[in-house]
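# Structural overview
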Amino acid sequence: MLKRTADAAEAATALADAGGGETPPAPEGAPPALLGDTGPGAGVTGAPGPARSARPPGADLDGRGLDATTVASVADGAPPPPPHPAALEAMEHTRRAARRLAAEGARVYGRSTGVGAHRGLAVEESDGAGHDLRLLLSHAGGVGEPLPAREVRAMMLVRANQLLAGGSGLGPEIAVAVTAALRARVHPRVPEYGAVGTGDLTALAELGLALFGHGTWIPDRADAGHRLPASLPVHRGDALALLSSSALTLGQSALACHDLGVLLSAAHVVAALSLCAVDASMEPYAPGVHAAHPHPAVQGAAARVRDLLGTDEVPLAGPPESPVGTSRVQDPYGFRCFPQAHGPATEAWESLERVLSIDLNSATENPLIGWDATTRAPVALHHGGFFTAPLTLALDQLGLAVLGTARLTAARLSGLGRPELTGLRSYLADTSSAGSGMMILEYSAASALAEIQLCATPAALGHVVLSQGMEEAATFATQAARTSLRLARAYRLVLGCELVAAVRALRLRGRVPRPETPAGRAYARAAAELDPEMRDRPLTDDVTTAAALLDEFAALPAAR
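Reading the values: rules and limits
Residue indices begin from 1 for each chain and proceed along its sequence in written order. Per-residue local features of the predicted model are confined to residues with pLDDT of at least 70, and side-chain atom pairs are confined, for both listing and counting, to 80 or more; whole-chain, interface and lining totals are unaffected and use all residues. The basis for every side-chain value is the complete set of heavy atoms in the structure, and neither hydrogens nor water enter the calculation. For the exposure calls, accessible area comes from a 1.4 Å probe over protein chains only, and a residue counts as buried if that area is under 20% of its type's maximum, exposed if over 50%, partly exposed in between. Secondary structure elements follow DSSP: runs of H or I of four or more residues count as helices, runs of E of two or more count as strands, with numbering from the N terminus. Between any two strands, pairing holds if DSSP finds at least two bridges. Fitted lines through C-alpha atoms give the axes, limited to the stretch in contact for helices. The angle between two N-to-C directions lies from 0 to 180 degrees. In this scheme, roughly parallel covers angles under 35 degrees and roughly antiparallel covers those over 145, while 65 to 115 is roughly perpendicular and the rest are oblique. Take the far helix as the reference: if the near one is turned anticlockwise from it by less than a right angle, the crossing is left-handed, and if turned clockwise, right-handed. Any two residues having at least one pair of non-hydrogen atoms within 4.5 Å are treated as being in contact. Amino acid classes used here: Ala, Val, Leu, Ile, Met, Phe, Trp, Tyr, Cys and Pro are nonpolar; Asp, Glu, Lys and Arg are charged; the rest, including Gly, are polar.

## A word on the pairing of strand S9 (residues 368–372)
Across a regular strand the side chains alternate sides, sitting on one face of the sheet and then on the other. Counting buried positions over the five residues of S9 gives five, a clear majority of the element. Strand direction decides the pairing type here: S9 and strand S10 (residues 378–381), joined by four bridges, are antiparallel. What sits directly across from Trp 371, in S10, is Pro 378. In sequence, S9 turns back onto S10 through a hairpin of five residues, with Arg 376 there showing a positive phi of about 60 degrees.

Now the structure itself:
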């Protein structure tokens, strides 16, 4: 049975007991002092803006340097980086501001008032923390199947990092407890539906209930045996400060960014093998062609393929034969237009990465809590930073761009089944009578491609009015993030189908990329894993194996 321990929060709790001043200076090494240093509301200490001093990857969590790679690593089971001591002190610094506001009777959304359509209702002073507990209980109303542990762990890491950015008014023990739960490999049950891109209230309510001892922790795996973090007491103002975040949406977006980045990188390798399989012309990849039409991302895609092949010509090794492609003036689009379709996808991926570099490392709680830099008075700034339109548009753009390159992936798969392109039997069949070969993969890939097309429908087209008309729009970033993860899973399978067909064609032709080239090394790796049997048989396991190889292909180094 899992047991709770108080060790996780002891150091952070000690911060609250140390020192007596209510308005101490921001600790050295903490997030930058200004909430905003220009325009209305300027001169408020307590949380950073988007500009921040970068820390090396894998360093302590400090609200500044989290990236999609780290999110994916922790989501997949790695222990989280520890909270940086200075960032924990910054959280205590802003908690004192929140307590001072409460003592002065300030009207602060969600702390002294209700939320949403009930923003005009006052919370009675005698209620203590009762309002906060009721807020968590009432908002833990998501519906649907529980999300996978991977996605909930991503949410937990993102929320801890956001808190360490120092604008929530929560105490440091909250961030410490969240990271302790990640190390213990436990997570709350989070239903899949409950947000529309303006805050992951239902998901974070479940996290809050688990942290405060009114919910349950679920082991990430059946064999988990670590002790649970100790339950924390609920203090007045804690609930909304924890809920006010899109941490689940951002965590899912970071996972999609990571997963699609791997696949987009691996796609160069798979395309290079298909080019070899049909003796495709390298003219569409020539430096001169791309110098004449210099889109940087398109140039980069063409250069990567040339590098993988080790030359500006398709390098094949094996028995001499008449090249299939010598009679073709030019190749079908799938082989000829790869740079033009794939380059924009890598560019869209970079745009998403830029958006996440800001959103993962910002204090966006509404209201933002801090100290006025001039008067040293506590301040609560009400705002709309939770409205995640930049994230939605970045995810939508990437989905449409991946759809474009995935369509050419499917086109190359179809091309590999055409005798006039390969010089082999239709659908790469063996010599048996009317063999089907890899015919069915064309259908399976088309099915996965249809899923990609469905997922690429822009989420920004959605519209809703909520909370009795107070919230008259939404970004639907939550939907964009969730469908981006589905899109990534489908795209991996389409690429896996192409890889199986490319290796099969190269085997049948007896001509493979030169072994000293990166493409040659990729072929050798795939050939070692994929079943060489050419008779008609189920190819499901082959595609599963090929799809798993894509992670290795993404890290394939350049030509030596």
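## So, unusual backbone geometry
Cis rather than trans, the peptide bond between Asn 366 and Pro 367 has omega equal to 0 degrees. Considering the arrangement of structural elements, one finds Pro 367 in the loop between helix H13 (338–359) and S9. With a phi angle near 60 degrees, Arg 185 is a residue other than glycine that sits in the positive phi range. Tracing the backbone through its elements, the reader meets Arg 185 in the loop between helix H6 (172–183) and strand S4 (186–187). Here Arg 185 falls in the partly exposed class, since its relative accessible area comes to 24%. Here Arg 376, not a glycine, exhibits a phi torsion of approximately 60 degrees, which is positive. Mapping Arg 376 onto the fold places it in the loop between S9 and S10. Judged by relative accessible area, which is 42%, Arg 376 ranks as partly exposed.

## Here's the deal with the packing of helix H16 (residues 439–455) against helix H17 (residues 477–509)
Contact geometry of H16 with H17 gives a least axis separation of 8 Å together with a crossing angle of 155 degrees. In this view, H16 runs roughly antiparallel relative to H17, as classed from their interaxial angle. Judged by the twist between their axes, the crossing of H16 over H17 is left-handed. On H17, the residues touching Leu 441, Ala 445, Ala 448, Leu 449, Glu 451, Ile 452, Leu 454 and Cys 455 of H16 are Thr 483, Arg 486, Leu 487, Ala 490, Tyr 491, Val 494, Cys 497 and Val 500. Of the residues in the contact of H16 with H17, the class split is 13 nonpolar, one polar and two charged.

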